[in-house]
Amino acid sequence: MPENKDDKNPNSDRLAVDAFEREINTDLNAKTHDKPKGMPLHTRIIIGLVVGVVAGITVNYLFGGTNPRVVWVIDNFTEPVGQLFLRLLLMIVVPLVFSSLVVGVAGIGDIRKLGRVGLKSFGYCLVISAISVVIGITLANTIKPGKRIDKATSDALQARYATDATKRVEDASKASATTPKPLTAVIETIIPKNPFFAVGSKEDANMLHIMFFGLIIGVAITLLPITATAPLLRVLESVYEITAKIIEIIMKFAPFAVACLLFNNTARFGLDLLQALAWFVATVLLGLAIHMFGVYSLSIYFLSRISPIDFFRRIKTVILTAFSTSSSNATLPTALRVSEENLGVPQEINSFVLTVGATANQNGTALYEGITVLFLAQLAGVDLTLAQQLMVVYLAILGGVGTAGIPSGSIPFIIGVLVTINVNPALIAIILGVDRILDMCRTTLNVTGDLTAATYVARSEGYELLKPHEPAIVHAGVTMAERSSD
Ligand code: ASP
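Residues numbered from 1 in each chain as written. Predicted model: local features only at pLDDT ≥ 70, side-chain atom pairs only at ≥ 80, totals over all residues.

Here the focus is the overall build of the chain. The helix and strand tally for the chain stands at 22 helices and zero strands. Of all 486 residues assigned to the chain, the portion counted as buried reaches 47%. Considering only residue pairs separated by 6 or more positions, the chain has 83% of its internal contacts joining residues 24 or more positions apart. (Helix = DSSP H or I, 4+ residues; strand = E, 2+ residues; numbered from the N terminus. Buried ≥ 20, exposed ≤ 12 C-beta atoms within 10 Å, placed from the backbone. Contact = placed C-beta atoms within 7 Å.)

In structure tokens:
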């Protein structure tokens, strides 16, 4: 595209396609204006990805996923390296989400504008999720993958993953046993009684609770005089900057970690599983592809008014991170930076839309949950009535909101829906073997969907995309510019 030829020109007012990646490639000290060294980050991540996949598939083909030596390499090398990367990214999510949300909401500055941004994000998320579920349900009804799998194969798969499935069904039913009545449940899901408990009660922080708390503090800040709020904003802006720097350091390590994560997944994974579940896998991938390249492209072109090809080129590091980590939460730090630095979405919009979206806007997940429930119902010979199918659509849309942005976050939700429509939840065993590979793909969609939402909201609020923005003027008078000139 002709307009991209200026991307690397420092005098161009258009953001470079890979501004974020170029910054990461330079010295760790941001004040050093040296040239990027070596290959761009995304190229190195792609190399890591290819090395991991090729090595994993070869090893699986030659020795099998249960060979003791293969298991030893995974347990003692590739799994620890992959987990190190994932946990480092997740470690940064809580301080990042909180600081970014408070600073961002305060940066919007005006409660009416905040309401508008909130409504647009919510409306967009609802419509785009509904489209994704309808695509999924239509494909599942047309292709009928559950009717195309023979009984022997499904019995064998069920036996192979029975133990794992039983544990997951038990965990899911423990969680739902305590679920109170619907409206109370919604309130309890969103509003924490004790925000510190949301962060510190168990290893996985409650993201929805943290987000609500951050949001409410941001709102209060916009309503208070600057003297009361400036000290907290300065601290949180500083936390945000520090977490951003930590992410830069972690991302330098991404290519190695991605190779290990991909090796783990492919070396263990029997290629025979792909064959056995070929129709199910093909239905999911077709649905995801239609949504990713069809629906998102239309949204980017008509609502955000940028070229879809340019958009995908600019977000490739986000795509690669989501694909290899299978976690929207772990990808959030990278998404925030890429959206601001490569797409030109201002920080105050990103911090609201992307942060909330990482947990609440998961189109890939919604589509997957719809197809999987129908697939297992078909396989069990349960013919769902139209009303039941609409129920699945509704639940899958809710699933996109309620599913945690972590690897295999969908599974407990699918188990819950199976119980609701009277299908044996133990059938989940059949898809467990391919879940991880499909998780990589659906997470990519989840995160891309957050970026399409952020560009839409920014555009509709009158911001010009792909151009640098003045930092948000927080009404307390604390700005990024002020800080960098200190
Ligand atoms: N892994 C997905 C995510 O983090 C959630 C899921 O569908 O399992 O977005």
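Having seen the model, we can carry on.
Ranked by size, the top nonpolar core spans 128 residues in total, and within it Leu376, Ile428 and Ala454 carry the most contacts. Looking at which element gives the most residues to this core, the answer is helix α3 (residues 68-108), with 16 residues. (Core = buried A, V, L, I, M, F, W, Y, C linked by C-beta atoms within 7 Å.)

The next point concerns the packing of helix α13 (residues 278-304) against helix α21 (residues 429-460). With their axes 10 Å apart at the nearest point, α13 and α21 run at an angle of 10° to one another. As judged from the angle between their axes, α13 and α21 are roughly parallel. Contacts between α13 and α21 involve Phe280, Val281, Val284, Leu285, Leu288, His291, Met292, Tyr296, Ser299, Ile300, Leu303 and Ser304 from the first element and Ile431, Val434, Leu438, Cys441, Arg442, Leu445, Thr448, Gly449, Thr452, Thr455, Tyr456 and Arg459 from the second. The class makeup of the residues in the contact of α13 with α21 is 15 nonpolar, seven polar and two charged. (Axes fitted to C-alpha atoms, helices over the stretch in contact; angles between N-to-C directions. Parallel < 35°, antiparallel > 145°, perpendicular 65-115°, else oblique. Nonpolar A, V, L, I, M, F, W, Y, C, P; charged D, E, K, R; others polar.)

This brings us to unusual backbone geometry. Backbone geometry at Ser408 places phi at a positive 60°, although glycine is not the residue there. Looking at the element boundaries, Ser408 is found in the loop between α19 (386-402) and α20 (410-420). The class of Ser408 is partly exposed, set by 15 C-beta atoms lying within 10 Å. Residues other than glycine seldom take positive phi values, yet Asn422 does so here, at roughly 60°. By secondary structure assignment, the location of Asn422 is in the loop between α20 and α21.

Here the focus is the confidence of the model for the chain. Of all residues in the chain, 89% attain a pLDDT of 70 or more, and the chain-wide mean is 86. Within the chain, the lowest mean pLDDT, 40, falls on helix α22 (residues 480-484), and the highest, 97, falls on α13. In the predicted structure, residues 1-6 sits below a pLDDT of 50 and forms eight contacts with residues beyond four places in sequence or in another chain. Note that residues 473-486 has pLDDT below 50 and, in this model, 23 contacts with residues that lie over four places away or in other chains. (pLDDT = per-residue confidence, 0-100.)

Let's shift gears to helix α16 (residues 328-341). With 14 residues, α16 should reach 20 Å at 1.5 Å per residue; the first-to-last C-alpha distance of 19 Å fits that figure. The element α16 is largely enclosed, with a buried count of 14 among its 14 residues. (Expected span 1.5 Å × (residues − 1).)

What follows is about α3. Relative to the 60 Å expected for 41 residues at 1.5 Å per residue, α3 spans 56 Å between its end C-alpha atoms, a close match to the ideal helical length. Positive backbone phi, at 80°, marks Gly109, one or two positions downstream of α3.

Another aspect to go through is the packing of α3 against helix α9 (residues 207-223). Where α3 contacts α9, the axes come no closer than 8 Å and their chain directions differ by 30°. When the axis of α3 is compared with that of α9, the two are roughly parallel. Viewed along their axes, α3 and α9 form a crossing whose handedness is right-handed. Facing Val94, Val97, Phe98, Leu101, Val102, Gly104, Val105 and Ala106 of α3, the residues of α9 in contact are Met207, Ile210, Met211, Gly214, Leu215, Ile217, Gly218, Val219, Ile221 and Thr222. Taken together, the residues of the contact of α3 with α9 break down into 14 nonpolar, four polar and no charged. (Left-handed = near helix turned anticlockwise from the far one by under 90°.)

One can find Ile319 in helix α15 (residues 316-325). Expressed as a C-alpha distance, the spacing of Ile319 and Thr448, which sit 129 residues apart in the sequence, is 7.1 Å. Those residues in contact with Ile319 that sit more than four places away from it in its chain are Thr444 and Thr448.

The topology assignment puts Glu248 in helix α10 (residues 226-252). Separated by 225 residues in the primary sequence, Glu248 and Glu23 place their C-alpha atoms 8.7 Å from one another.

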